[in-house]
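Residue-level structural notes
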Amino acid sequence: LKLAYDSAEEQSKICIANLESQLHNSNRANHAELEQLQRNFGKAQRDLQGQLASAMSREGQLKQDLADFDEQHQKSQHQYLSMTRELEETWTSVEQGLKSKNMALELGIQEHEVHAVAEQAAYMQECELHDTLGKRLEFAQVDLEEERQSAA
């Protein structure tokens with residue numbers, strides 16, 4: 001019995017030593033893996049911090065670009081409104097000028113028509129006067145001829 005007990009105890013010690021060795025090896029492997037994970041985590045953390053810093057910088061640049069764009073848009077909007085107002089004023093002025101010229105042109109046409117009618121009337125009066133004078137002259141010549149003949 002003692003021999004069996006000693007053999008079991010010896011096997012138990014060997015088993016415990018093997019288990020302790022496996023545990024030690026496992027602890028060493030786990031420790032090495034933990035160190036690798038910590039290095040990877042540190043690298044990943046640094047990478048993420050760099051990306052975060054880059055993203056924050058980009059965000060700041062985008063905010064500045066947006067502010068610049070907004071300012072430029074406001075200036076463009078103001079310039080557009082100003083140019084639109086100037087264009088409307090110019091158009092109103094052109095319209096008034098065209099209306100004035102149109103009225104002047106209409107008056108000029110009317111004046112021209114009045115002159116044409118007056119000239120035509122004067123020509124017709126002149127023709128009538130010419131005809132009248134021509135007839136009187138004929139009558140006077142006939143009378144003169146009759147007087148010459150009667151005097152002769």
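Scroll up to find the structure this text is about.
These remarks concern the structure in this document. (Residues numbered from 1 in each chain as written. Predicted model: local features only at pLDDT ≥ 70, side-chain atom pairs only at ≥ 80, totals over all residues. Heavy atoms only, no water.)

Thoughts on the overall build of the chain
Along the backbone of the chain there are one helix and zero strands. Taken over C-alpha atoms, the radius of gyration comes to 62 Å for the chain, far larger than the 15 Å a tight globule of 152 residues would show. Per-residue burial over the chain gives 1% buried out of 152 residues. Counting only carbon and sulfur atoms, one obtains 58% of the accessible surface of the chain, whose full area is about 14200 Å². Here the chain holds 15 positive side-chain charges and 28 negative ones, and the gap between their average locations is 22 Å. (Helix = DSSP H or I, 4+ residues; strand = E, 2+ residues; numbered from the N terminus. Rg over C-alpha atoms; globule rule 2.2 N^0.38 Å. Buried < 20%, exposed > 50% of the residue type's maximum accessible area, 1.4 Å probe, protein only. Areas by Shrake-Rupley, 256 points an atom, 1.4 Å probe, with all protein chains shown as cover. Lys, Arg positive; Asp, Glu negative; His and termini not counted. Charge placed at Lys NZ, Arg CZ, Asp CG, Glu CD.)

What about the environment of Arg136?
Looking at where Arg136 falls in the secondary structure, it is placed in helix 1 (residues 2–151). A residue is classified by how much of its surface remains accessible, and Arg136, at 56% relative accessible area, is exposed. Note: C-alpha distance between Arg136 and His78 (58 residues apart in sequence) is 84 Å.

Section: the pattern of salt bridges
Under the criterion given, the structure shown has four salt bridges. Here Lys43 makes a salt bridge to Asp47, at a shortest N to O gap of 3.2 Å. Taken as a pair, Lys43 and Asp47 lie in helix 1 at a separation of four residues, close to a single helical turn. Of the residues examined, Lys43 reaches a relative accessible area of 47% and is grouped as partly exposed. The class for Asp47 is partly exposed, based on a relative accessible area of 37%. (Salt bridge = Lys/Arg side-chain N within 4 Å of Asp/Glu carboxyl O.)

Some points on a nonpolar patch on the surface
Together, Trp91, Val94 and Leu98 make up an exposed nonpolar region whose accessible area comes to about 310 Å². Note on placement: Val94 falls in helix 1. Here Val94 falls in the partly exposed class, since its relative accessible area comes to 36%. (Patch = residues over 30% accessible without salt bridge, like charges linked within 9 Å, V, L, I, M, F, W, Y side chains within 5 Å.)

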